[in-house]
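Take a look at the letters that make up each chain.
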Amino acid sequence: MTASLPHQGPWPEEPDRPVEDRRHMIRRRALTLLIIVLLIGIPAGYLVISANQSRDSGKDKEAKYSATGLTEGWPSKLQRRIYQVPVPHPAWHVAYYETNNWKTSRLYAQFETNAAGLDAYLTGLGMTREDLKKGHITIGARDRKVTGWKFPGGDGWYGFVHRQKNPAPTHDVVVDLSNPAYPWVYVVSRTVP
């Protein structure tokens, strides 16, 4: 004998849905399209912008670290803090170069300033104008070769060495006072990592 399967009864009567008019259909499709664009377009745009910024950053870093001499511009705040090189305001013709190896790290910096700026720089090092020794060129031949600095003889050259206990850096400073109103400062700050 075969068992008979129960039959499902008819569906209850549902009210008929109103037919969607054309304007409502267009609005619904436009809203769906807008949502799709927002969900896909914004992340895609963000990725493109991020990739371009990352590539530009790499080019900037490559140029910075492939430099083989003084680079025009201010050393970063971090470099100025690590090497304790307080570049004063105002300062013009600022240039710097950093070298690092397993033995010694150096920051070479040069700038032109005014008389008040020189005093502020010296104060930042804990020195005064009395510490400047006439004719004392403290930057060695090796460091002059790296930077291309030339210190010809004359009455306007002063210098000093600011030694500090490790790990604080040592500063070799030469100041060109041939024009006392606008002196040039050359400094080599070296530290042992």
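Residues numbered from 1 in each chain as written. Predicted model: local features only at pLDDT ≥ 70, side-chain atom pairs only at ≥ 80, totals over all residues. Heavy atoms only, no water.

A look at the overall build of the chain
Scanning the chain from N- to C-terminus turns up four helices and seven strands. Sequence-ordered secondary structure for the chain, helices as α and strands as β, is α-β-α-β-β-α-β-α-β-β-β. The proportion of buried residues among the 193 residues of the chain is 30%. Long-range pairs, those at least 24 residues apart, make up 51% of the contacts in the chain with a sequence separation of at least 6. (Helix = DSSP H or I, 4+ residues; strand = E, 2+ residues; numbered from the N terminus. Buried < 20%, exposed > 50% of the residue type's maximum accessible area, 1.4 Å probe, protein only. Contact = heavy atoms within 4.5 Å.)

With respect to helix H3 (residues 115-125)
Those residues of H3 not exposed but buried are Gly-117, Leu-118, Tyr-121, Leu-122 and Leu-125. On an axial view of H3, the arc spanned by its buried residues comes to 135°, and they lie on one face. With respect to the buried face of H3, the exposed residues turned more than 90 degrees away are Ala-116, Thr-123 and Gly-124. In this structure, the buried residues of H3 make contact with strand E3 (105-113), strand E5 (157-162), strand E6 (170-176) and strand E7 (184-191). One or two positions beyond H3, positive phi appears at Gly-126, with a value near 80°. (Arc of directions from axis to C-beta.)

Description of the packing of aromatic side chains
As enumerated under the stated definition, the model contains ten aromatic pairs in all. Geometrically, the ring pair formed by Trp-157 and Tyr-186 is tilted, given 6.2 Å between the ring centres and 40° between the ring planes. Taken together, the positions of Trp-157 in strand E5 and Tyr-186 in strand E7 put the pair 29 residues apart, joining distant regions of the chain. Here Trp-157 matches Tyr-186 in class, with each residue buried. For the ring pair Trp-184 and Tyr-186, a centre distance of 6.2 Å and an interplane angle of 15° mean the geometry is stacked. Linked through ring pairs, Tyr-97, Tyr-108, Trp-149, Phe-151, Trp-157, Trp-184 and Tyr-186 together constitute an aromatic cluster. (Phe/Tyr/Trp six-rings, centres within 6.5 Å; stacked < 30°, edge-to-face > 60°.)

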